[in-house]
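Given next are the chains, with one letter for each unit.
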Amino acid sequence: MIRIKCPWPVLLLGLLAVRPDAQADLRYAPPTPGRLMLNAPLVTERPLEFTLYLDKPGRFYAEAMFDAAPCAVSGPTLAFSLTRGEKPQWARAVTLKLGPDSPHQTLFWLNAPGDVPYRTALTLRITPSAAAPAACALRLQITRKFELLPAVPR
C-alpha cells in the first residue's frame, strides 16, 4: 500500500481553489420539451382557461415567474381548478408573492393519476381574486418533475 503524505491545509487550499464562485449569476434554463406541459402568459386581471393534457403519469408542479423585468408582486390570490368535462377533479387557491430576490414561486404540486387522471383533456381554470392585479408580466409553467425510476432486480 502506497501512502502519500499531504498536509491537510494544502488539501483544503486545493479544494477552495476549485470551489465555484458564490456570486456567479444564475440563469434560467427551461425544462426539456417532454417535461413542459404548459407554458403560457399569466394574467391576473381576468379569468383564464387552458386545456391541459398530461401524457404521462408522475408528479407535476406549477410555477409563476416573471416574463420580463422583475418587479414586486404581492397579494393577488389565484384560484386554480382542473375539470374533466364538467366534473371537478382538483382545486387550489394560492397567493402570489414575487420580488426581485424571489423571481419565481412554486404554486402547487399535483400527482397523476392520484389527484387527476392522465391521458385525457383537462380544463385548467384560473380565477383571480378581486384584489389589485399584478403590474408585471408573468408566466405560468406546469412541468413534470424528473424522477429516476428505481432499478428493480428481476
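What you are looking at is a predicted structure, and each value in this text was computed from that prediction instead of being measured.

Q: What is the right way to look at the packing of aromatic side chains in this model?
A: The geometry of two aromatic rings is summed up by the distance between their centres and the angle between their planes. Under the definition given, this model contains 3 aromatic pairs. Between Y61 and W109, the aromatic rings sit 5.1 Å apart at their centres with planes inclined by 40°, giving tilted as the arrangement. Here Y61 is found in strand 3 (residues 58-66), whereas its partner W109 is found in strand 6 (residues 104-112), with 48 residues between them in sequence. For Y61, a relative accessible area of 17% corresponds to the buried category. On the basis of relative accessible area, W109 is assigned to the partly exposed category, the value being 34%. Among the aromatic side chains, those forming a connected cluster through ring pairs are F80, W90 and F108.

Q: When you look at the environment of A62 in this model, what are you seeing that I'm missing?
A: Following the sequence through the fold, A62 ends up in strand 3. Dropping the residues within four chain positions of it, A62 is found in contact with Q105, T106, L107, F108, L140, Q141 and I142.

Q: Please explain the sheet that holds strand 8 (residues 138-144) as it appears in this structure.
A: Adjacent strands of a sheet form backbone hydrogen bonds with each other and so pair up, either parallel or antiparallel. Pairing is antiparallel across the open sheet formed by 4 strands, whose spatial order is 1-8-3-6. In this open sheet, the two strands that pair with only one neighbour each are strand 1 (36-42) and strand 6. Averaged over all pairs of adjacent strands, the angle between their axes in this sheet comes to 15°, without regard to strand direction. Across 7 bridges, strand 3 lies against strand 8 in antiparallel orientation.

Q: Mind showing me how you'd approach the nonpolar core here?
A: Proteins that are soluble and globular tend to have nonpolar side chains buried together. Core analysis: the largest hydrophobic core is formed by 33 residues, its most contacted members being L54, F80, L107, L124, I126, L140 and I142. Elements with a contribution of two residues or more to this core: strand 1, strand 2 (48-53), strand 3, strand 4 (73-84), strand 5 (87-98), strand 6, strand 7 (121-128) and strand 8.

Q: Help me understand the pattern of salt bridges in this model?
A: If the charged atoms of two oppositely charged side chains come close together, the side chains can form a pair. Tallying each qualifying case throughout the model produces 2 salt bridges. Residues E49 and R125 are paired through a salt bridge, measuring 3.1 Å at the closest nitrogen-oxygen approach. With E49 in strand 2 and R125 in strand 7, this pair connects stretches of sequence that are 76 residues apart. Here R139 ties to D67 by a salt bridge, and the two come within 3.0 Å at their closest N and O atoms. Taken as a pair, R139 in strand 8 and D67 in the loop between strand 3 and strand 4 lie far apart in primary sequence, 72 residues in all. The exposure class of D67 is partly exposed, given its relative accessible area of 37%.

Reading the values: the criteria
Residues numbered from 1 in each chain as written. Predicted model: local features only at pLDDT ≥ 70, side-chain atom pairs only at ≥ 80, totals over all residues. Heavy atoms only, no water. Phe/Tyr/Trp six-rings, centres within 6.5 Å; stacked < 30°, edge-to-face > 60°. Helix = DSSP H or I, 4+ residues; strand = E, 2+ residues; numbered from the N terminus. Buried < 20%, exposed > 50% of the residue type's maximum accessible area, 1.4 Å probe, protein only. Contact = heavy atoms within 4.5 Å. Pairing = 2+ DSSP bridges. Axes fitted to C-alpha atoms, helices over the stretch in contact; angles between N-to-C directions. Core = buried A, V, L, I, M, F, W, Y, C linked by side-chain atoms within 4.5 Å. Salt bridge = Lys/Arg side-chain N within 4 Å of Asp/Glu carboxyl O.

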